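Inside the fold
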Amino acid sequence: DYMIINNWGPNERSSKSMKIFLQKGFHKIHVEYTGSENVGFLQLSWKPPGRSFGLIPAGAFFHKTKIEKDIQVKDKGLRRSLFNNYKYLGKPVNEISWNNVIDFDSIRDKTTVWEAPFSLSYEGALNITKAGIYTFRLGSIDGSKLFIDNELMINNEKVQIFNERLCSIRKVFD
């Protein structure tokens, strides 16, 4: 076997941060992530007022589950949906209640992610217990977005560069 074309090149990790003043209470949160390779990295962290940067704890996330006697019941965690395309199109191939931090790194964790291309959506509410200025940081390979209260706060989408390599092969037959 001979390598004819090697067009491999790692996508680099990148992160973007932003500051926002949030009132005490629940705020709608939506994180989107697209993957073009079978490796993945996504991390959402914050710096609450008077504290240092860290992952947003799982206990700060909630999602709507049902209405009981005119009262909206919230379960801990976010709703995570997996799509087998880049565009969040059609019915998700998997939906689960995600009661964990948003921090996965398939290389660090020695795991595989979903077959590319794929997209992930995390939706729910973020419980802010103290009003103030919060700094959010979203890091990923490929592309990611953070929405708070339906507003795009961080756009970490990357322009994928199209690489083309050509070769000629001449084989002599006996």
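Predicted, not measured: the structure shown is a model, and the values here were computed from it.

**What about the overall build of the chain?**
If you tally the helices and strands in the chain, you get zero helices and 13 strands. Beginning at the N terminus, the succession of helices and strands in the chain can be written as β-β-β-β-β-β-β-β-β-β-β-β-β. By residue count, 36% of the 174 residues in the chain fall in the buried class. Looking at the chain alone, contacts between residues at least 24 apart form 70% of all its contacts between residues at least 6 apart.

**Examining the packing of aromatic side chains**
Under the counting rule described, the total for this entry stands at eight aromatic pairs. Taken together, a centroid distance of 5.5 Å and an interplanar angle of 90° make the contact between Phe26 and Phe62 edge-to-face. One end of the pair, Phe26, is in strand β2 (residues 25-35); the other, Phe62, is in strand β5 (residues 61-68), and 36 residues separate them in sequence. On the basis of relative accessibility, which here comes to 14%, the residue Phe62 falls in the buried class. Seen in terms of ring centroids, Tyr134 and Phe136 are 6.5 Å apart; in terms of plane orientation they differ by 25°. Their pairing is stacked. With relative accessibility at 3%, the residue Tyr134 sits in the buried group.

**Some thoughts on the pairing of strand β13 (residues 151-155)**
Taken together, the four bridges between strand β12 (residues 143-148) and β13 define a ladder with antiparallel strand orientation. Within β13, the position partnered with Phe147 by the bridge is Leu152. What sits between β12 and β13 in their antiparallel hairpin is a turn of two residues, with Asp149 showing a positive phi close to 50°.

**Some thoughts on the side chain of Asn85**
Among the secondary structure elements, Asn85 is positioned in the loop between β7 (78-83) and β8 (94-98). Apart from the residues within four sequence positions on either side, Asn85 is in contact with Pro117, Phe118 and Ser119.

**Some remarks on the nonpolar core**
If you look at the biggest cluster of nonpolar residues, it comprises 30 residues, and the most contacted ones within it are Val31, Leu44, Tyr122, Leu126, Phe136 and Leu146. Elements that contribute at least two residues to this core include exactly β1 (14-22), β2, β3 (41-47), β7, β10 (118-128), β11 (132-140) and β12. Here this core gets five residues from one element, more than from any other, and that element is β10. Filtering out sequence-adjacent residues up to four positions away, Leu44 remains in contact with Ile29, Val31, Leu55, Ile56, Phe61, Ile102, Arg137, Leu138 and Leu146.

**Quick notes on the environment of Gly35**
Locating Gly35 in the fold gives a position in strand β2. Remark: the alpha-carbon pair of Gly35 and Phe118, spanning 83 residues in sequence, is separated by 5.3 Å. Apart from residues no more than four positions distant in its own chain, Gly35 is found in contact with Tyr86, Ala116, Pro117, Phe118 and Asp142.

**Structural notes on the confidence of the model for the chain**
Interpreting fine coordinate detail is not advised for predicted regions of low pLDDT. Residue-level pLDDT values for the chain average 80, and 77% of them are 70 or greater. When mean pLDDT is compared element by element in the chain, strand β4 (residues 54-55) scores highest at 96, while strand β6 (residues 71-76) scores lowest at 68. Predicted confidence is poor over residues 159-169, with pLDDT under 50, and the contacts of this stretch with residues over four places away or in other chains come to ten contacts.

**Section: the side chain of Glu32**
Along the chain, Glu32 turns up in strand β2. The side chain of Glu32 sits in the buried core without any salt bridge; Lys145 is the nearest counter-charge, 4.6 Å away. Apart from residues no more than four positions distant in its own chain, Glu32 is found in contact with Tyr88, Leu120, Gly143, Ser144, Lys145 and Phe147.

**A few points about the environment of Ile154**
In this structure, Ile154 sits in strand β13. The sequence separation of Ile154 and Leu138 amounts to 16 residues, and the corresponding C-alpha distance is 7.2 Å. Excluding residues that lie within four positions of it along the chain, Ile154 makes contacts with Lys16, Ser17, Met18, Phe136, Arg137, Leu138, Ser144, Lys145 and Leu146.

Here is what the cut-offs are and how they apply
- Residues numbered from 1 in each chain as written.
- Predicted model: local features only at pLDDT ≥ 70, side-chain atom pairs only at ≥ 80, totals over all residues.
- Heavy atoms only, no water.
- Helix = DSSP H or I, 4+ residues; strand = E, 2+ residues; numbered from the N terminus.
- Buried < 20%, exposed > 50% of the residue type's maximum accessible area, 1.4 Å probe, protein only.
- Contact = heavy atoms within 4.5 Å.
- Phe/Tyr/Trp six-rings, centres within 6.5 Å; stacked < 30°, edge-to-face > 60°.
- Pairing = 2+ DSSP bridges.
- Core = buried A, V, L, I, M, F, W, Y, C linked by side-chain atoms within 4.5 Å.
- pLDDT = per-residue confidence, 0-100.
- Lys, Arg positive; Asp, Glu negative; His and termini not counted.
- Salt bridge = Lys/Arg side-chain N within 4 Å of Asp/Glu carboxyl O.

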